[in-house]
Amino acid sequence: MKKYLEDLKKELEKLKLNSNEIAEILEDHEEMIKEAKKEGVSDKELVSKFGDPKKLASDLKSELGEEKEEATQNTNDYVLYKSFPVMDSVEEVQIKLVSDDVVYEQGDMDAIEVYYKNIKDIEDYDISFNKGTFTLKKDKKVKSLIFNISFSSKSGSFVVKVPKDTSLNQFTLNTVSGDSKAINVFADNVKIATTSGDTYLRHITGSKVEISTVSGDGNISFIKTDNLYLNAVSGDFCVSEGKIDGDVTLNNVSGDFTVSKLESDKFTLSTVSGDLNAKEFYPTEINLKSVSGDITITNEDKLRPIVIGKKKTLSGSIKIK
Amino acid sequence: MNAQFKRGIVELCVLSELVQEDMYGYQIINNISQHLDVNENTIYPILRRLTKEGYFTTYLKESNVGAARKYYKITENGFNYYLKLRDSWDSFIGGVYEILNKGGKKNEEILRRFEERIRKTKTK
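Residues numbered from 1 in each chain as written. Chains lettered and ligands numbered in written order. Predicted model: local features only at pLDDT ≥ 70, side-chain atom pairs only at ≥ 80, totals over all residues. Heavy atoms only, no water.

Participant: Please set out the interface of chain A and chain B residue by residue, giving values where relevant.
Facilitator: With 25 residues of chain A at the contact, the number on the chain B side is 23 residues. When chain A packs against chain B, the two sides together hide about 2,200 Å² of surface, and 47% of this comes from carbon and sulfur. Here lysine 70 of chain B and aspartate 28 of chain A are joined by a salt bridge, their closest N and O atoms 2.9 Å apart. Taken together, chain A and chain B are joined by 14 residue pairs in polar contact (both at pLDDT 80 or more). When residues of the side of chain A that touches chain B are traced back to their parent elements, those giving at least two are helix 2 (19–38), helix 3 (43–50) and helix 4 (53–64) of chain A. Here the element with the most residues in the side of chain A that touches chain B is helix 2 of chain A; it accounts for 10 residues. In terms of residue class, the side of chain A that touches chain B is built from 9 nonpolar, 3 polar and 13 charged. (Contact = heavy atoms within 4.5 Å. Buried area = accessible area lost by both parts, 1.4 Å probe. Salt bridge = Lys/Arg side-chain N within 4 Å of Asp/Glu carboxyl O. Polar contact = N/O pair within 3.5 Å; in protein donor to acceptor, adjacent residues only side chain to side chain. Helix = DSSP H or I, 4+ residues; strand = E, 2+ residues; numbered from the N terminus. Nonpolar A, V, L, I, M, F, W, Y, C, P; charged D, E, K, R; others polar.)

Participant: Give a detailed account of empty space enclosed by the protein, specifying residues and quantitative values.
Facilitator: For the coordinates displayed, the defined rule picks out 2 cavities of 30 Å³ or more. Size it by volume and the second largest cavity reaches roughly 30 Å³. In terms of lining residues, the second largest cavity is bounded by Asp28, Glu31 and Met32 of chain A together with Gly25, Lys70 and Tyr72 of chain B. Broken down by secondary-structure element, the contributors of at least two residues to the lining of the second largest cavity are helix 2 of chain A together with strand 3 (69–74) of chain B. Residues belonging to the lining of the second largest cavity are distributed by class as follows: 2 nonpolar, 1 polar and 3 charged. (1 Å grid on protein atoms, 1.4 Å probe; cavity = no way out; pocket = protein on both sides within 12 Å on 5 of 7 lines; lining within 4 Å. Points joined across faces, edges and corners; volume = space filled by probe spheres on them.)

Participant: Could you give an account of the pattern of salt bridges, naming the residues involved and the relevant values?
Facilitator: Here the structure, examined in full by the defined rule, presents 25 salt bridges over all chains. Glutamate 21 of chain A is the partner of lysine 52 of chain B in a salt bridge, and the nearest nitrogen-oxygen pair spans 2.9 Å. Here glutamate 21 of chain A lies in helix 2 and lysine 52 of chain B lies in helix 3 (residues 40–52), a pairing that spans two chains. By relative accessible area, lysine 52 of chain B is classed as partly exposed at 39%. Judged by its relative accessible area of 5%, glutamate 21 of chain A is buried. Linking arginine 49 of chain B and glutamate 53 of chain B is a salt bridge whose minimum nitrogen-to-oxygen distance equals 3.4 Å. For arginine 49 of chain B, a relative accessible area of 13% gives the class buried. (Buried < 20%, exposed > 50% of the residue type's maximum accessible area, 1.4 Å probe, protein only.)

Participant: Give me the lowdown on the pairing of strand 6 (residues 133–138) of chain A, citing residues and values where you can.
Facilitator: Residue and element names in this part refer to chain A. The sheet contact formed by strand 2 (residues 92–98) and strand 6 spans 5 bridges and is parallel. In the strand pairing of strand 6, valine 93 is matched with phenylalanine 134. Two elements, strand 5 (residues 125–130) and strand 6, share 6 bridges in a ladder whose sense is antiparallel. Paired with tyrosine 125 across the two strands is lysine 138, which belongs to strand 6. (Pairing = 2+ DSSP bridges.)

Participant: Give me the lowdown on the packing of aromatic side chains, citing residues and values where you can.
Facilitator: The tally for this structure, following the rule as stated, stands at 10 aromatic pairs over all chains. Measuring from ring centre to ring centre gives 5.8 Å for tyrosine 4 of chain A and phenylalanine 50 of chain A, while their planes differ by 70°; the resulting arrangement is edge-to-face. Of this pair, tyrosine 4 of chain A sits in helix 1 (residues 2–14) while phenylalanine 50 of chain A sits in helix 3, and the two are 46 residues apart along the sequence. Accessibility assignment for this pair places tyrosine 4 of chain A and phenylalanine 50 of chain A in one class, buried. A network of ring pairs unites the aromatic residues Phe84, Phe129 and Phe134 of chain A as a single cluster. The side chain of lysine 61 of chain B reaches across the aromatic face of tyrosine 71 of chain B, ending 5.0 Å from its centre. A cation over an aromatic ring shows up here: arginine 69 of chain B above the ring of tyrosine 24 of chain B, its NZ or CZ 4.0 Å from the ring centre. (Phe/Tyr/Trp six-rings, centres within 6.5 Å; stacked < 30°, edge-to-face > 60°. Lys NZ or Arg CZ within 6 Å of the ring centre and 35° of its normal.)

Participant: Please give an account of the side chain of glutamate 40 of chain B that cites residues and values.
Facilitator: Relative to the helices and strands, glutamate 40 of chain B is located in helix 3. Buried charge without a partner: glutamate 40 of chain B forms no salt bridge, and the closest opposite charge is lysine 55 of chain A, 8.9 Å away. Looking at glutamate 40 of chain B, its side chain comes within polar contact range of the side chain of histidine 29 of chain A, at 2.6 Å. Those residues in contact with glutamate 40 of chain B that sit more than four places away from it in its chain are Tyr4, His29, Met32, Lys49, Phe50 and Leu56 of chain A together with Ile29 and Pro45 of chain B. (Lys, Arg positive; Asp, Glu negative; His and termini not counted.)

Participant: Hey, could you go over the packing of helix 2 of chain A against helix 2 (residues 25–35) of chain B for me, with residue numbers and the actual values?
Facilitator: Running from N to C, helix 2 of chain A and helix 2 of chain B point in directions that differ by 60°, and their axes come no closer than 8 Å. As judged from the angle between their axes, helix 2 of chain A and helix 2 of chain B are oblique. Helix 2 of chain A and helix 2 of chain B meet at a crossing whose hand is right-handed. Taken together, the residues of helix 2 of chain B that come into contact with helix 2 of chain A (itself represented by Met32, Glu35 and Ala36 of chain A) are Gly25, Tyr26 and Ile29 of chain B. Each residue belonging to the contact of helix 2 of chain A with helix 2 of chain B can be placed in one class, and the counts come to 4 nonpolar, 1 polar and 1 charged. (Axes fitted to C-alpha atoms, helices over the stretch in contact; angles between N-to-C directions. Parallel < 35°, antiparallel > 145°, perpendicular 65-115°, else oblique. Left-handed = near helix turned anticlockwise from the far one by under 90°.)

Participant: Account for helix 4 (residues 76–101) of chain B, with residues named and values stated.
Facilitator: Residue and element names in this part refer to chain B. With 26 residues, helix 4 extends 37 Å between its outermost C-alpha atoms, agreeing within 8% with the 38 Å of an ideal straight helix rising 1.5 Å per residue. Taken together, the buried positions of helix 4 are Gly78, Tyr81 and Tyr82. Buried positions along helix 4 lie against helix 1 (3–20), helix 3 and strand 3. (Expected span 1.5 Å × (residues − 1).)

Participant: Help me get a handle on the sheet that holds strand 2 (residues 56–61) of chain B, residues and values and all.
Facilitator: Where strands meet in a sheet, backbone hydrogen bonds hold them as pairs that are either parallel or antiparallel. The strand order 1-3-2 (chain B) describes an open sheet built from 3 strands, whose pairing is antiparallel. What marks the edges here is a single partner per strand, and that holds for strand 1 (23–24) and strand 2 of chain B. Pairing of strand 1 of chain B with strand 3 of chain B, which is carried by 2 bridges, proceeds in the antiparallel orientation. Looking at the pairing, methionine 23 of chain B lines up with tyrosine 72 of chain B of strand 3 of chain B. Helix 2 of chain A rests against strand 1 and strand 3 of chain B of the sheet, and its axis sits at about 105° to strand 3 of chain B. This element, helix 3 of chain B, spans strand 2 and strand 3 of chain B of the sheet and lies at about 105° to strand 2 of chain B.

Structure, rendered in structure tokens:
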């Protein structure tokens, strides 16, 4: 029995299921095996009844559909601007756009592919790949901002596909009034700043992740980092499925935060009137600085301790259920 | 049997077990594997997914022997899902049997008809 559980644990870890999930699955199996033994099922019968732990783990993974890869962006109605062959590796990605939407993801080619649609003058953009640095930038010298906004009826959009398993030193994404979507970003430093567009991030891994948004809504899932800084001025932000090895700092003025399935070290929320609602959120310590914002956490595992650290608030409260 | 097909059937069986009463994990697995050739590693992932999808809830209950057991309870959502699934299963399997029965209901009958046919073609 011990061996079966150990094997199962190894297989589940191999498939990178999250640690809470693994713990629960093992608990369930320990219980089931005990029941079976109580009913006089022999060790030999047990093996045939429970089957191969490897198959169980892979079935669990596919049934639970966790970390299911998102379908890649369909580029049928896009124009391929250029495909930059990648000989060594991509070290840095810099995207700076105004009023255009952008999607960043990994593709199947050994090249960085840039697609676009509804872009009037593609020549006005600086799109290059040089010494490991990929740049997609609106060249401000050519046209003024006001001119562009007033004349673009449809917002343009870009799709940037980098080679599979691209791991960067630096990922920078800056957009104003366009929506941004980034999937599978692996970088030491991740810096994302958006103004008045919505931000959708999935599978973000980096030692330091900084995200700031002004007035757009944000959604981030499957984040793995040592430190997460999230600044949102007035948009709502949803953070789900993540493991933060270090501290989490969330700042905002009036938007609400929704957090689910997140583990972290020290957690600090600074807000004026925004609330934080969390489900299955396990920081080791909570700090709150607010005027009227509340923190409400609903956790299934009541035994995991959450220390309430500094609390500086006028009318806000911290509730852990 | 095709794995995808088998999974659909096991899903219906798991739901059906819990429509009867709340049960603990091993009980469900035992009940199903008594009738069908499936083992734990097929049933448990389905049980877990259905729970995650909100078709079942779980609670712990002390047993008279040993540690507390985790019981699974069907939710209203789960019950509605079962009804839907059961309905499509019934009409599917009904259709299959109508097709099969055209050839005869039991093996003896099928065989008899088949032999008859062969005789007929020989005498022609």
